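Understanding the architecture of this molecule
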Amino acid sequence: MTFWIWVLLAHGVSWKPLPHARVFQVFYDNGTPMAYALVEAQLKDSQKTLEFEADSLGRIFFVPPDSGTWILKVSDGLGHGVVIPVQTSGVPSRAPNTLPPWQKALFGASLIWGIAGTAFYFLGRRRRAYS
Amino acid sequence: MTIVLLAILAHHYWVMPQTWSPEVGDTVWCIIQGGHDLQAPEIEISPKMVRSITVEDPDGTLDTLSPDLRFAFVPTKEGLYVIRVELGPRRLREPRYVLYTLLPIGSSASFRVPEEIGTASDPQNWPRRNQPFHLTLKVPTYATTLSWQGDEKTLKGQTLTITPKDSGPFLLSLEQVTPVVSLLFEVRP
């Protein structure tokens, strides 16, 4: 048990701000938050859609994966809803590669070693069979 | 940024059976509906908002059905069946709406109200057109009432008197702080 805790603690923890994130709160006119509201985000002039939920206080945390105009359709699933347009720019089109250079090198070397080792193994068996 | 949605209580919800006169052994289909008018449901309800469905037979035996916008059950005996539906996000501790439909099977059903709402003191039989009936509300957070096809609503303490002026389904909404309780039953001519 202790061993596994040590293993968990051996992993580093880091954080970074999300500069393109948007936060909204939706609630009814009597002040009640629209808890766990259903959100459908659609990128304008595109087929890209995302579906997620608000939190228990009706807060919507939206991190657009692409630049453009996103339309957030927020609904409580019971006939109440609102549409929120979100304009974003400068969003990287894909998630950055998080592997550091030394891990990339290690991965490449392991791949070459594995392929070459397999090839030499079968080559050696073939030579022994003919000798 | 804060977004405000207007008119939270402007909508009403109910469970409408396909027929009000099923027989023992019939498959009774029901649909969950919402809108401003009982005769013209207009709200698109997400199936994700259906938390639970239970059907109570005349002996008080509960049957739990799979939560969906449409559901069915088969009554096995005569008497009054109570259909109870909870609406709202499933991650919330309390439902946002509780819907009851009282469905008589055969001719022996008498009028009664689920325990959470109260008891009907008079008349004992099913409500009829132009015949006042009373609901004794047990809910302390009771605020206002709404009804369709009824008049002479008076509120004395926590006893509500309603006189249906038309026959047909009658929807009573009891607006509490939470949840909103709707009661649907048939008024006979």
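Everything that follows concerns the structure shown earlier in this document.
Here goes a summary of the coordinates provided. All values derive from a computational prediction rather than experimental measurement.

**Considering the packing of aromatic side chains**
- One pass over the full model with this rule turns up six aromatic pairs over all chains.
- Taking the centre distance of 5.5 Å and the plane angle of 25° together, the rings of Phe170(B) and Phe185(B) count as stacked. Residue Phe170(B) is located in strand E14 (residues 168-175), and its partner Phe185(B) is located in strand E15 (residues 180-187); the two are separated by 15 residues in the primary sequence. Taken individually, Phe170(B) and Phe185(B) each receive the classification buried, so the pair is uniform in this respect.
- Taken together, the aromatic side chains of Phe52(A), Phe62(A) and Trp70(A) make up a single cluster linked through ring pairs.

**Looking at the interface of chain B and chain A**
- Taken residue by residue, the interface counts 22 residues in chain B and 23 residues in chain A.
- Both sides of the chain B and chain A interface together cover about 2100 Å² of buried area, and 65% of this is carbon and sulfur.
- For Arg91(B), the salt bridge identified is with Glu53(A), shortest N-O distance 2.6 Å.
- Inspection of the region where chain B meets chain A yields five residue pairs in polar contact (both at pLDDT 80 or more).

Rules and cut-offs
Counting starts from 1 at the beginning of each chain's written sequence and moves along it residue by residue. Chains carry letters from A onward and ligands carry numbers from 1 onward, assigned in written order. Owing to the predicted nature of the model, reporting of local features is limited to residues with pLDDT of at least 70; listing and counting of side-chain atom pairs is limited to 80 or more, with chain, interface and lining totals taken over all residues. To obtain the side-chain values, all non-hydrogen atoms of the structure were included, while hydrogens and water were left out. For Phe, Tyr and Trp, rings pair up if their centres lie within 6.5 Å, where Trp contributes its six-membered ring, and each pair is then called stacked (planes under 30 degrees apart), edge-to-face (over 60) or tilted (otherwise). Here a strand is any run of E in DSSP of at least two residues, a helix any run of H or I of at least four, and the numbering for each starts at the N terminus. For every residue, the accessible area obtained with a 1.4 Å probe (protein chains only) is divided by the maximum for its type, and the residue is called buried under 20%, exposed over 50%, and partly exposed between those limits. In this analysis, two residues are considered to be in contact whenever any of their non-hydrogen atoms come within 4.5 Å of each other. Buried area: the sum, over both parts, of the accessible surface (1.4 Å probe) that disappears when the two are put together. Salt bridge, as applied in this entry: a Lys or Arg side-chain nitrogen positioned within 4 Å of an Asp or Glu carboxyl oxygen. Counted as a polar contact is a pair of N or O atoms within 3.5 Å, where, for protein atoms, one must be capable of donating a hydrogen and the other of accepting one, and residues adjacent in sequence contribute only when both atoms are in side chains.

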